[in-house]
Amino acid sequence: MTNTILTRAEAALAHEEPLFADVGGDIAVSFEFFPPKTEKMDTQLWDAIRTLEPLDPRFVSVTYGAGGSTRERTHATVARIQRETTMDAAAHLTCVEATREEIDQVAHEYWAAGVRHIVALRGDPPAEGARFVSHPGGYENAADLVAGLKKLHPFEISVAAYPECHPDSVDRASDIDNLKRKIDAGATRAITQFFFSPEAYFRFRDAAAAAGITAEIVPGILPVSNVAQTRKFAAMCGARIPDWMDRLFEGLDDHPGARQLVAATIAAEMCRRLYAGGVKGFHFYTLNRAELAYAISHLLGVRGKKAEAVVAA
C-alpha cells in the first residue's frame, strides 16, 4: 500500500468511523523494562510488571547496560520474571567490552534459567559520544553475536532495526544490509527503535522487503510524556521528533495528568495508523511505568484476562 493510498484510506476512516472502530482485537503486544537500581525502583518495576501481565504479552524484554554495567541486575530481573510470572522473558545481550567466552557464559546462564529468547544487540560504547570498537576476542557486531548464540542453543532471537537509519550507518542502504545480515544469521524478528512518523516505518518496511527481508519488523513505540527527555534519547539513536509534538505539550509542565493523556493519545493514534497499514504487533518501551502502555493497549483492543472473564460472565 502506497503512502498516498494509505493517507486517503485514513482520511475516509476518520470521517466515517470513531478513531479505533477498525481495531479488531487481533493485536499482539510486548513490553520493555530496565533493571532497577534501588529498592524503590524495584517496587515500581514490579508494579508495572504485575499491571501489564494480564494483557498476556507475547514476551517482555529487559535491557542491558553499556559495557555490561547492569549484567547482574539484568540477569536477576529476567530470571525472576521467567520464574514468577506467566510471561516469557527476553534478555538483552550486547557485544560491548566482553570476550566471546564471557558473552557465551552469560547466554548459557540464561538458558539454564529457562530463558529462551535473547534480544541481540551490538550495544553502545560505555563513554557517551565514543565510537563503537569491538572488544579484542569479542563478537564483532550484532550479526556475529546472533550467529554465535545460535551455535550455543536454539534461542529465539530479536534484533534492532532503525527506521530513520542508525547514526553509525553510512546510509540507509547499508543500514538495511546490516539488518539483513542479522536476519540471515538466524534472528527471528527485528524490533525497531522508536519513531513518531508512521510513514518512516512504512518506508523502512518497504525497503527491507525489497532487500529480501521477510522476517517480522515490530514497531517499537515510546509513549512520550517528557519531550526534553525524549530528545536526549532521540539524539542517540537518530530518531526525529516533529515540531508539532512540542506544541502539543506546551503549558503542561505542571499538569502531569494532562501530559499522560496527551502522550497516550499521540502514541495510540500512531499505532492505529500502523494497524491500518497491516501492523499487528507492537513493542512498548515502558520506562518501567505501566499506565501509558496499558492505556494504549486497551485502545487497540487488547484486554486483560480478568476483563475477558467479566465479559464472558
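Anyway, here's the lowdown on the structure attached to this text. Predicted model only: the values in this text are computed from it and were never measured. Residue indices follow the written sequence of each chain, beginning from 1 at its first position. Residue-level local features of this predicted model are given only where pLDDT is at least 70; pairs of side-chain atoms are given and counted only at 80 or more, and the full residue set underlies all totals for whole chains, interfaces and linings. Each side-chain value is derived from all of the structure's non-hydrogen atoms; neither hydrogens nor water enter the calculation.

Digging into the pattern of salt bridges
Between side chains of opposite charge, a pair can form when the charged atoms approach closely. Heads up, the rule is: Salt bridges are counted wherever a side-chain nitrogen of Lys or Arg sits within 4 Å of a carboxyl oxygen of Asp or Glu. A run of H or I in DSSP becomes a helix once it reaches four residues, and a run of E becomes a strand once it reaches two; helices and strands are each numbered from the N terminus. Think of it in three bands: residues with accessible area under 20% of the maximum for their type are buried, residues over 50% are exposed, and the middle band is partly exposed, with areas taken using a 1.4 Å probe on protein chains only.
Taken as a whole and judged by the stated rule, the model has 14 salt bridges. For the salt bridge of Glu269 with Arg272, the shortest nitrogen-to-oxygen distance reads 4.0 Å. Taken together, the positions of Glu269 and Arg272, both in helix H10 (residues 256-276) and three residues apart, correspond to about one turn of that helix. Its relative accessible area of 28% is what places Glu269 among the partly exposed residues. Within the structure, one salt-bridge network assembled from shared partners comprises Asp42, Arg50, Glu53, Arg80, Arg83 and Glu84.

Concerning the nonpolar core
How we decide: In this description, a nonpolar core means a group of buried Ala, Val, Leu, Ile, Met, Phe, Trp, Tyr and Cys residues linked to one another through side-chain atoms lying within 4.5 Å. Any two residues whose heavy atoms approach within 4.5 Å are treated as being in contact.
If you look at the biggest cluster of nonpolar residues, it comprises 86 residues, and the most contacted ones within it are Phe31, Leu149, Val159, Leu179, Leu274, Phe282 and Phe284. Beyond its immediate chain neighbours, meaning those up to four positions away, Val159 contacts Ala120, Val146, Leu179, Lys182, Ile183, Ala187, Arg189, Ala190 and Ile191.

A closer look at the sheet that holds strand S2 (residues 60-62)
Definition in use: Paired strands, in this sense, are two strands between which DSSP finds at least two bridges.
With respect to topology, nine strands assemble into an open sheet ordered S7-S6-S5-S4-S3-S2-S1-S9-S8, the strand pairing being parallel. Unpaired on one side and paired on the other, strand S7 (216-218) and strand S8 (220-221) mark the two borders of the sheet.

Some remarks on the environment of Phe249
Assignment of secondary structure puts Phe249 in helix H9 (residues 243-249). Between the C-alpha atom of Phe249 and that of Val224, which follows or precedes it by 25 residues, the distance is 9.6 Å. If we ignore the near neighbours within four places in the chain, the residues touching Phe249 are Val224, Ser225, Val227, Arg259, Val262, Ala263 and Ile266.

Some words on the environment of Phe31
If you trace the backbone, Phe31 turns up in strand S1 (residues 28-33). Distance from Phe31 to Tyr285, taken between C-alpha atoms, is 6.1 Å for residues 254 residues apart in sequence. Here Phe31 is in contact with Leu52, Leu55, Pro57, Phe59, Val60, Ser61, His283, Phe284, Thr286, Ala293 and Ser297, once residues within four sequence places are set aside.

Section: the packing of helix H4 (residues 100-112) against helix H5 (residues 142-152)
The line we're drawing: The axes used here are C-alpha line fits, helices contributing only the stretch in contact, and every angle between their N-to-C directions lies in the interval 0 to 180 degrees. Under this scheme an angle from 65 to 115 degrees is roughly perpendicular, one under 35 degrees roughly parallel, and one over 145 degrees roughly antiparallel; angles in between are oblique. For any pair of crossing helices, the crossing counts as left-handed if the nearer helix is rotated counterclockwise from the farther one by less than a right angle, and right-handed if it is rotated clockwise. Gly is placed with the polar residues, together with every amino acid not listed as nonpolar (Ala, Val, Leu, Ile, Met, Phe, Trp, Tyr, Cys and Pro) or charged (Asp, Glu, Lys and Arg).
Look at H4 against H5: their axes get within 11 Å of each other, and the N-to-C directions meet at 50 degrees. With respect to H5, the element H4 is oriented oblique. Every pair of crossing elements has a handedness; the one defined by H4 and H5 is right-handed. Contact residues: Arg100, Ile103, Asp104, Ala107 and His108 in H4; Asp144, Leu145, Leu149 and Leu152 in H5. Each residue belonging to the contact of H4 with H5 can be placed in one class, and the counts come to five nonpolar, one polar and three charged.

A look at H4
The condition is simple: In this scheme, a helix's expected span is set at 1.5 Å multiplied by one less than its residue total. This arc describes the spread of directions from the helix axis toward the C-beta atoms.
With 13 residues, H4 extends 18 Å between its outermost C-alpha atoms, agreeing within 8% with the 18 Å of an ideal straight helix rising 1.5 Å per residue. Within H4 the residues assigned to the buried category are Ile103, Asp104, Val106, Ala107 and Tyr110. Seen from one end, H4 has its buried residues packed into an arc of 155 degrees, which puts them on one side. Of the exposed residues in H4, the ones pointing more than 90 degrees away from its buried face are Glu101 and Ala112. Residues of H4 that are buried make contact with helix H3 (71-84), strand S3 (89-94), strand S4 (117-121) and H5. Looking one or two places after H4, you find Gly114, whose phi comes out positive at around 90 degrees.

Section: helix H2 (residues 39-52)
Across its 14 residues, H2 extends 20 Å between first and last C-alpha, which sits within 8% of the 20 Å expected from 1.5 Å per residue. Within H2, the full set of buried residues consists of Leu45, Trp46, Ala48, Ile49 and Leu52. For H2, the arc enclosing every buried residue in end-on projection is 155 degrees, short of the 170-degree limit, so these residues lie on one face. In H2, the exposed residues that point more than 90 degrees away from the buried face are Glu39 and Lys40. Those residues of H2 that are buried lie in contact with S1, H3 and helix H11 (291-299).

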